[in-house]
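Given next are the chains, with one letter for each unit.
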Amino acid sequence: MPSIDRVFSSSLLCLLTLLAFSVRADGPLSSSAIAGSSVESGLPLADYVVVNKSKRTLQLLRNDKVLRTYKIALGLRPEGHKQFEGDFRTPEGKYLLTRRNPNSEYFLSIQVSYPNDQDVARARRQGQRPGGAIMIHGQPNTPRKPRDYYANVDWTEGCIAVSNSDMVEIWLMTPPDTPIEIQP
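Residues numbered from 1 in each chain as written. Predicted model: local features only at pLDDT ≥ 70, side-chain atom pairs only at ≥ 80, totals over all residues. Heavy atoms only, no water.

J.: Which residues make up the overall build of the protein chain, and what values go with them?
T.: Within the protein chain, the secondary structure is distributed over four helices and eight strands. Mapped from its N terminus to its C terminus, the protein chain presents α and β elements in the order α-β-β-β-β-β-α-β-α-β-α-β. The proportion of buried residues among the 184 residues of the protein chain is 45%. Pairs at least 24 residues apart make up 65% of the contacts formed inside the protein chain by residues separated by at least 6 positions. Summed over all atoms, the accessible surface of the protein chain reaches about 9800 Å², with 52% contributed by carbon and sulfur. (Helix = DSSP H or I, 4+ residues; strand = E, 2+ residues; numbered from the N terminus. Buried < 20%, exposed > 50% of the residue type's maximum accessible area, 1.4 Å probe, protein only. Contact = heavy atoms within 4.5 Å. Areas by Shrake-Rupley, 256 points an atom, 1.4 Å probe, with all protein chains shown as cover.)

Have a look at this one:
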C-alpha cells in the first residue's frame with residue numbers, strides 16, 4: 001500500500017504537470033499547488049545551473065551532462081555584470097539557488113544568492129547599494145504587456161525569466177543550494 005506522502009507527491013506532480021502545459025500568466029499559483037521542492041517527480045535532479053547571457057539560455061546539468069536547455073529573458077540592460085541596485089543588469093558569476101517562493105509576483109521564483117561579498121564591496125566603492133532579489137522566475141501573474149513581449153525581449157529588472165512551463169521543470173529539478181554560474 002503506497003504511503004500518504006507518496007500519494008501526495010504523485011498527486012502534486014500530476015497537478016504541476018497540468019499547470020505546466022495549461023497555465024497562462026492569469027494569476028498567482030496558490031501555495032497549496034506547490035508545497036515544496038522535494039517532490040518525487042521522476043525528473044532528474046540538476047547539480048549545476050549555467051546561464052549564458054549572450055545566448056539567452058539556462059541549462060540544467062548533472063555530472064557535467066546537459067539535462068535541459070531553456071530560453072530566457074534578462075534584465076533590460078543585459079550586457080555586463082550587475083553593478084548596483086536599479087541598473088537593470090543581470091549579475092555574472094557563481095552563486096547558489098536559495099529561497100523558493102511559490103507566491104511571488106511572477107509564476108514561481110527561486111532566489112539567486114546575489115549579492116556576494118565582492119558584489120557588495122563593488123557597489124559600496126561606487127557609493128551605491130548592490131541590490132538583491134535576483135530570481136529565476138516565470139511570467140508575471142498580472143501581465144502589463146502582451147504575452148509575446150515576455151517571450152521575445154529582455155524585460156526584467158535584473159532577474160532571469162523563463163516560460164511558466166519551463167519554470168515548473170526548473171523548480172522540480174533544482175534542489176536547494178544548487179550552484180548557478182551566470183556567464184556573460
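From this point, the narrative continues.
J.: Just give me the short version of helix α2 (residues 117-125), but keep the residues and values in it.
T.: Structural remark: α-helix, 3.6 residues per turn; residues separated by three or four positions point the same way. The set of residues buried in α2 consists of Asp 119, Val 120 and Ala 123. Across the axial projection of α2, the buried residues extend over an arc of 100°, all falling on one side. Turned more than 90 degrees away from the buried face of α2, the exposed residues are Asp 117, Gln 118 and Arg 125. Residues of α2 that are buried sit in contact with β4 (93-101). (Arc of directions from axis to C-beta.)

J.: Describe the environment of Ile 182, listing the residues and the values that go with them.
T.: Its place among the elements puts Ile 182 in strand β8 (residues 178-183). The class of Ile 182 is buried, set by a relative accessible area of 2%. Linking Ile 182 and Val 51, residues 131 residues apart in sequence, is a C-alpha distance of 4.6 Å. Beyond its immediate stretch of four places on either side in the chain, Ile 182 contacts Val 51, Lys 53, Thr 90, Pro 91, Glu 92, Gly 93, Tyr 95, Val 112 and Ile 160.

J.: Quick rundown of the pairing of strand β2 (residues 57-62)? Include the residues and the values.
T.: Sheet topology places strand β1 (residues 48-52) next to β2; five bridges connect them, and they run antiparallel. Looking at β2, one finds that Tyr 48 is bridged to Leu 61. Where β2 lies against strand β3 (residues 65-71), six bridges are found, and the strand directions are antiparallel. If you follow Gln 59 over to β3, its bridge partner there is Thr 69. (Pairing = 2+ DSSP bridges.)

J.: Describe in detail unusual backbone geometry, supporting the description with residues and values.
T.: Cis rather than trans, the peptide bond between Tyr 114 and Pro 115 has omega equal to 5°. Following the sequence through the fold, Pro 115 ends up in the loop between β5 (109-112) and α2. Phi at Phe 88 is positive, roughly 60°, even though this residue is not glycine. Among the structural elements, Phe 88 can be located in the loop between β3 and β4. A residue is classified by how much of its surface remains accessible, and Phe 88, at 31% relative accessible area, is partly exposed. For Asp 177, which is not glycine, the phi dihedral falls at a positive 65°. Within the secondary structure, Asp 177 is located in the loop between α4 (164-173) and β8. Residue classification places Asp 177 among the partly exposed positions, given a relative accessible area of 47%.

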